[in-house]
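Letter by letter, the chains look like this.
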Amino acid sequence: MIRAEGLTKYYGPHAAIIDVSFEVAEGEIVAFLGPNAAGKTTTMRILTGYIPPTFGRASVAGFDVVEDSLEARRHIGYMPEVAALYPDMRVRQYLRYAGRLQGMGRDELNDRIEYVLDRCGLDERASSIIGTLSLGFRQRVTVAQTLLHDPPVLILDEPTAGLDPNQIAEVRQLIKSLAGSHTVMLSTHILPEAQMTCERVMIINHGQIIAVDTPDNLTAQIREVQTVLVRVRDDSEAVPRLLRDMSGVVAVRRADEPGAYHIDTTVGSDLRAEVAEFIVNKGWGLLELQPVAMSLEDVFHELTMVEEVPAKSA
Ligand SMILES: Nc1ncnc2c1ncn2[C@@H]1O[C@H](COP(=O)(O)OP(=O)(O)OP(=O)(O)O)[C@@H](O)[C@H]1O
Ligand SMILES: [Mg+2]
């Protein structure tokens, strides 16, 4: 449904994105995850026909975004990073205005307005002046506008930015309810958002896609060491030193609490029993021992850190 092939965009001498390629299948909901300045908005602007790529090509619903821009856009609901709402207009009035700008006919538009108001939980705010709405409700108006012309593909640029936790949950719920009947690509720099909302994650960093997979597979793929958390009663400088000397241990790192350590072990080795026995034999007083699962956050950090080294020296 969305296909990008070798997209590259230069702003002057600076490459914002380099050789970005991916596909999003019909009905999929995919996160475009990356830190600030990674190139998320640039990629989305190219997909939605707002700026042309310097190199490469992209299509949406089979229409080339440059050569067949109008037809491609007809299939896209785009929620830009900074939405331009008219604060003095009322919600329904604004949606009517936005629909007319898109060239929608009066009858179709009236039907669609009622539908999106309902779908976005805006029925009771239909006559409210936009400027008086909370940020979360204004965000819903933006989503409603995005859905107005019934596009099969939704491209949402950081749809939950600036919202409080309750509003974030509501907007996520709304987006999830749209998946299935729509193909959704949403950008975010918030990991739990990618993990909770999406089936697949594409990680972009310094303009390049560095990983594409399910949240679970990404976590498994990067897990080169297994980590065990231990906490001992009688802490001393000998504890980390002797733990490090154990066979199969790669590193020992001090954790947040006193007497607590993260022990990284080699792939595939479960050293919990050995570590427990070792600590008991030393008489350090074993208070806690548990495996540490790597979160997508760790994965993201690890992947983006790895990429930063060559990019900085280049
Ligand atoms: N119009 C522009 N002119 C020059 N440079 C630009 C322009 N737009 C973006 N850039 C640069 O391109 C790079 C990618 O920017 P982009 O907005 O795509 O990142 P992003 O991933 O959306 O970041 P954020 O999470 O902060 O929104 C950045 O280094 C940015 O400074
Ligand atoms: Mg952006």
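(A) The arrangement of the sheet that holds strand 14 (residues 286–292) in detail. The strand order across the open sheet formed by four strands is 12-13-11-14, and the pairing between neighbours is antiparallel. Taken across any chain shown, the strands that pair with only one partner, and hence form the sheet edges, are strand 12 (249–254) and strand 14. For this sheet, the mean inter-axis angle between neighbouring strands, taken without regard to orientation, is 20°. Pairing between strand 11 (residues 226–232) and strand 13 (residues 260–265): six bridges, direction antiparallel. For L229, the partnering residue across the bridge sits in strand 13 and is H262. Packed onto the sheet, helix 10 (residues 272–282) meets strand 11, strand 13 and strand 14 and runs at close to 160° relative to strand 14.

(B) Structural view of the sheet that holds strand 1 (residues 2–11). With respect to topology, four strands assemble into an open sheet ordered 2-1-4-5, the strand pairing being antiparallel. The open sheet has two edge strands with one neighbour each: strand 2 (14–24) and strand 5 (63–64). For strand 4 (residues 55–60) and strand 5, the ladder comprises two bridges, and the chain directions are antiparallel. Bridge pairing in strand 5 places S59 opposite D64. Taken strand by strand, helix 1 (residues 40–47) contacts strand 1, strand 2 and strand 4, and its axis lies near 120° from that of strand 1.

(C) Just the site of ligand 1, in detail. The local shell around ligand 1 consists of Y11, A16, G34, N36, A37, A38, G39, K40, T41, T42, E81 and H189. Counting residues per element, the shell around ligand 1 draws most heavily on helix 1, which supplies three residues. Each residue belonging to the shell around ligand 1 can be placed in one class, and the counts come to four nonpolar, six polar and two charged.

(D) Representation of the environment of D157. As for its placement among the helices and strands, D157 is situated in strand 7 (residues 153–157). Overall, the presence of 22 C-beta atoms within 10 Å leaves D157 in the buried class. When the C-alpha atoms of D157 and M79 are compared, they prove to be 5.9 Å apart, with 78 residues separating the residues in sequence.

(E) Expanded view of the domain arrangement of the protein chain. Each assigned domain of the protein chain is listed with its residue range as follows: domain 1 (2–215) and domain 2 (224–293). Look at where the C-alpha atoms of domain 1 and domain 2 centre, and you get two points 46 Å apart.

(F) Broad picture of the nonpolar core. Ranked by internal contacts, the top residues of the largest apolar core, which has 58 residues, are V30, L33, L47, A144 and V184. Once residues within four sequence positions are removed from consideration, V30 is found in contact with V24, V184, M185, C198, R200 and M202. Residues V230, L243, Y261 and W284 belong to the second largest nonpolar core, which totals ten residues.

(G) Local environment of unusual backbone geometry. Its identity is not glycine, yet D150 carries a phi of approximately 55°, on the positive side. Summarising the element assignment, D150 is placed in the loop between helix 5 (135–147) and strand 7. Backbone geometry places H206, a non-glycine residue, at a positive phi of 50°. Within the element layout of this structure, H206 appears in the loop between strand 9 (200–205) and strand 10 (208–213).

(H) Representation of the pairing of strand 12 in the model. Sheet topology places strand 12 next to strand 13; five bridges connect them, and they run antiparallel. The partner of R254 across the bridge, within strand 13, is Y261. Connecting strand 12 to the next strand, strand 13, in antiparallel fashion are five residues, including G259 with a positive phi near 80°.

(I) Region of interest: helix 1. With eight of eight residues buried, helix 1 is to be regarded as a mostly interior element. Along helix 1, the residues that are buried comprise K40, T41, T42, T43, M44, R45, I46 and L47. Looking one or two residues beyond helix 1, the residue adopting positive phi is G49, at roughly 80°.

Conventions and cut-offs
The numbers attached to residues start from 1 for each chain and follow its sequence in the written order. Lettering for chains starts from A, numbering for ligands starts from 1, and both go in the order in which the items are written. Side-chain atom pairs in this predicted model are given and counted only at pLDDT of 80 or more, local residue features only at pLDDT of at least 70, and totals for whole chains, interfaces and linings cover all residues. Two strands pair if DSSP finds at least two bridges between them. Counting from the N terminus, the helices are the DSSP runs of H or I reaching at least four residues and the strands are the DSSP runs of E reaching at least two. Under this scheme, a helix contributes an axis fitted over its contacting stretch, all axes are lines through C-alpha atoms, and angles between N-to-C directions fall in the 0 to 180 degree range. For the purpose of contact definition, each residue receives a C-beta atom placed from its backbone, and two residues are in contact when these atoms lie within 7 Å. Near, as applied to residues and a molecule or strand, means the residue's backbone-placed C-beta atom lies within 6 Å of it. Think of it as three bins: nonpolar holds Ala, Val, Leu, Ile, Met, Phe, Trp, Tyr, Cys and Pro, charged holds Asp, Glu, Lys and Arg, and polar takes everything else, Gly as well. Whether a residue is buried, exposed or partly exposed follows from its count of other C-beta atoms within 10 Å of its own C-beta, namely 20 or more, 12 or fewer, or something in between, respectively; the C-beta atoms are built from the backbone. Residue ranges for the domains trace back to a domain assignment, done automatically or taken from a database. Connectivity within a nonpolar core runs through C-beta atoms within 7 Å, and the core itself is a set of buried Ala, Val, Leu, Ile, Met, Phe, Trp, Tyr and Cys residues.

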